[in-house]
Amino acid sequence: MKPAYLFVTIFNHLKSKKIFLWTLVLTFSAIGPLLVTYVFSRGVNALETHQDLNKILWIFFGVLAISSIETFIRVGAKTRIHYLIDDALIKLQQTLLKNVRIKAKNRKPTIQAIRNLTRSIQLFSNHFINNGIASLVSFVTVPFILFFLDKRIFWVELALIIVYLTITLFYAYRYEKQFERYDETREKYFLKMGHSNKVSHRGAAMIKAIEKLQNIRFFEWVSVQNLIILFQFIITAIIVIDIVNGFKGISDLVLIVGYTNESKKFLNSITSDLNRIMQVKAGMERVVITSHGAKEGSVISLT
């Protein structure tokens, strides 16, 4: 099974007009939280300026209405997309297995590799649907909003994004290599289980591979989360100083911190999605290797 064929096959099975349509609907619903943040800050401003009670109540009723509509659209779109992707992945498994002869020696390892690959694709797509799309919308819109609200905050936020992505890419490469080793140990564990009850050695190897994966994730998340904490402190300090000096109000703090929190969701989503992309890439490597009947430790690159 050639790498190019594998990539095209995966793409063709996930290339669906229905998936695309519902993804557009989900993308549209992602505007809701941004709108809620703005309307809520207007409500805080109305309280600060002691405006009419009816006006204040209508503003907060608007927050409730927008949230309810956004939830209905978002949950409906996610439900449909999850169903369509699960359907596509089942068909993908069947298509890939057509390329493996029933009596081939490498059939069982290839089946396990295909199973691991489709599971990785499912985990990536589920996370991207649940968090990635909304985070991507925030990434596109929030910097522009911050630029018009306060250019100082915009530049601080831009610096955060650049440093964050640099750290994430550094760890993503290491994560992919280790996940491929984990996939290999997982294949051997389940294959051994099919022939013998003495699987403790294979199980120990798989646990060791999992431990190394978790160590990478630990250092990655500690690094990026502390980076976010530092930059959020800087942003909050800038706004608080402005409030003390009378240049801004509490509503401005609510608005800007609300939008920077949306940006934080995007950054966290990027880390998770990139790790899952690396899982998919590692899974593709394993399918290519097992379908060729390559020996243990062989490397057939997809790049």
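Predicted model, so just to flag it, every value in this text is computed and none were measured.

Asker: Can you tell me about the side chain of Ser251, naming the residues and giving the values?
Answerer: Along the chain, the position of Ser251 falls in helix α8 (residues 250-291). Exposure remark for Ser251: the relative accessible area of 2% places this residue in the buried category. In terms of polar contacts, Ser251 uses its side chain to reach the side chain of Glu48, at 3.2 Å. Residues within four places of Ser251 in sequence aside, it is in contact with Ser41, Arg42, Val44, Asn45 and Glu48.

Asker: For the packing of helix α2 (residues 17-29) against helix α4 (residues 53-97), give the residues involved together with the corresponding values.
Answerer: Two elements in contact, α2 and α4, have axes whose closest approach is 9 Å; the angle formed by their N-to-C orientations is 155°. Between α2 and α4, the crossing angle belongs to the class labelled roughly antiparallel. The handedness of the crossing between α2 and α4 comes out as left-handed. Here Lys18, Ile19, Trp22, Thr23, Val25, Leu26, Phe28 and Ser29 of α2 come into contact with α4, specifically with Glu70, Ile73, Arg74, Gly76, Ala77, Lys78, Arg80, Ile81, Leu84 and Ile85.

Asker: Hey, could you go over the nonpolar core for me, with residue numbers and the actual values?
Answerer: Counting residues in hydrophobic clusters, the biggest one holds 23 residues, and the most contacted among them are Leu146, Ile153, Leu160, Tyr164, Ile256, Tyr259 and Leu267. Of all the elements, helix α7 (residues 200-244) adds the most residues to this core, at seven residues.

Asker: Account for α4, with residues named and values stated.
Answerer: A turn of α-helix holds 3.6 residues, and therefore any two residues three or four places apart point the same way. If you check α4, its first and last C-alpha atoms are 66 Å apart, about what 45 residues at 1.5 Å a residue would give, namely 66 Å. Put simply, Asp52 is the residue that caps the front of α4, since its side-chain oxygen is 3.1 Å from the backbone nitrogen of Asn54.

Asker: An account of a positive patch on the surface is needed here, citing residue identities and associated values.
Answerer: Taken together, the side chains of Lys177, Arg181, Lys208 and Lys212 define a basic patch exposed on the protein surface. The set of elements that each furnish at least two residues to the positive patch consists of α6 (151-193) and α7. Note that Arg181 resides in helix α6.

Asker: Residues and numbers for the packing of aromatic side chains, please.
Answerer: With the rule as written, the count across this model stands at ten aromatic pairs. Ring plane angle 85° and centroid distance 5.6 Å describe the contact between Trp58 and Phe61, whose orientation is recorded as edge-to-face. Residue Trp58 and its partner Phe61 are located together in helix α4, separated by three residues, close to a single helical turn. You can call Phe61 partly exposed: its relative accessible area is 48%. Ring geometry for Phe147 against Phe154: centres 5.2 Å apart, planes inclined by 85°, an arrangement best described as edge-to-face. Of the residues examined, Phe147 reaches a relative accessible area of 29% and is grouped as partly exposed. Connected via pairs of aromatic rings, a cluster forms that spans Phe147, Phe148, Phe154 and Trp155. Positioned over the ring face of Phe147 is Lys151, at 4.7 Å from the centre of the ring.

The rules we used
- Residues numbered from 1 in each chain as written.
- Predicted model: local features only at pLDDT ≥ 70, side-chain atom pairs only at ≥ 80, totals over all residues.
- Heavy atoms only, no water.
- Helix = DSSP H or I, 4+ residues; strand = E, 2+ residues; numbered from the N terminus.
- Buried < 20%, exposed > 50% of the residue type's maximum accessible area, 1.4 Å probe, protein only.
- Polar contact = N/O pair within 3.5 Å; in protein donor to acceptor, adjacent residues only side chain to side chain.
- Contact = heavy atoms within 4.5 Å.
- Axes fitted to C-alpha atoms, helices over the stretch in contact; angles between N-to-C directions.
- Parallel < 35°, antiparallel > 145°, perpendicular 65-115°, else oblique.
- Left-handed = near helix turned anticlockwise from the far one by under 90°.
- Core = buried A, V, L, I, M, F, W, Y, C linked by side-chain atoms within 4.5 Å.
- Expected span 1.5 Å × (residues − 1).
- Patch = residues over 30% accessible without salt bridge, like charges linked within 9 Å, V, L, I, M, F, W, Y side chains within 5 Å.
- Areas by Shrake-Rupley, 256 points an atom, 1.4 Å probe, with all protein chains shown as cover.
- Salt bridge = Lys/Arg side-chain N within 4 Å of Asp/Glu carboxyl O.
- Lys, Arg positive; Asp, Glu negative; His and termini not counted.
- Charge placed at Lys NZ, Arg CZ, Asp CG, Glu CD.
- Phe/Tyr/Trp six-rings, centres within 6.5 Å; stacked < 30°, edge-to-face > 60°.
- Lys NZ or Arg CZ within 6 Å of the ring centre and 35° of its normal.

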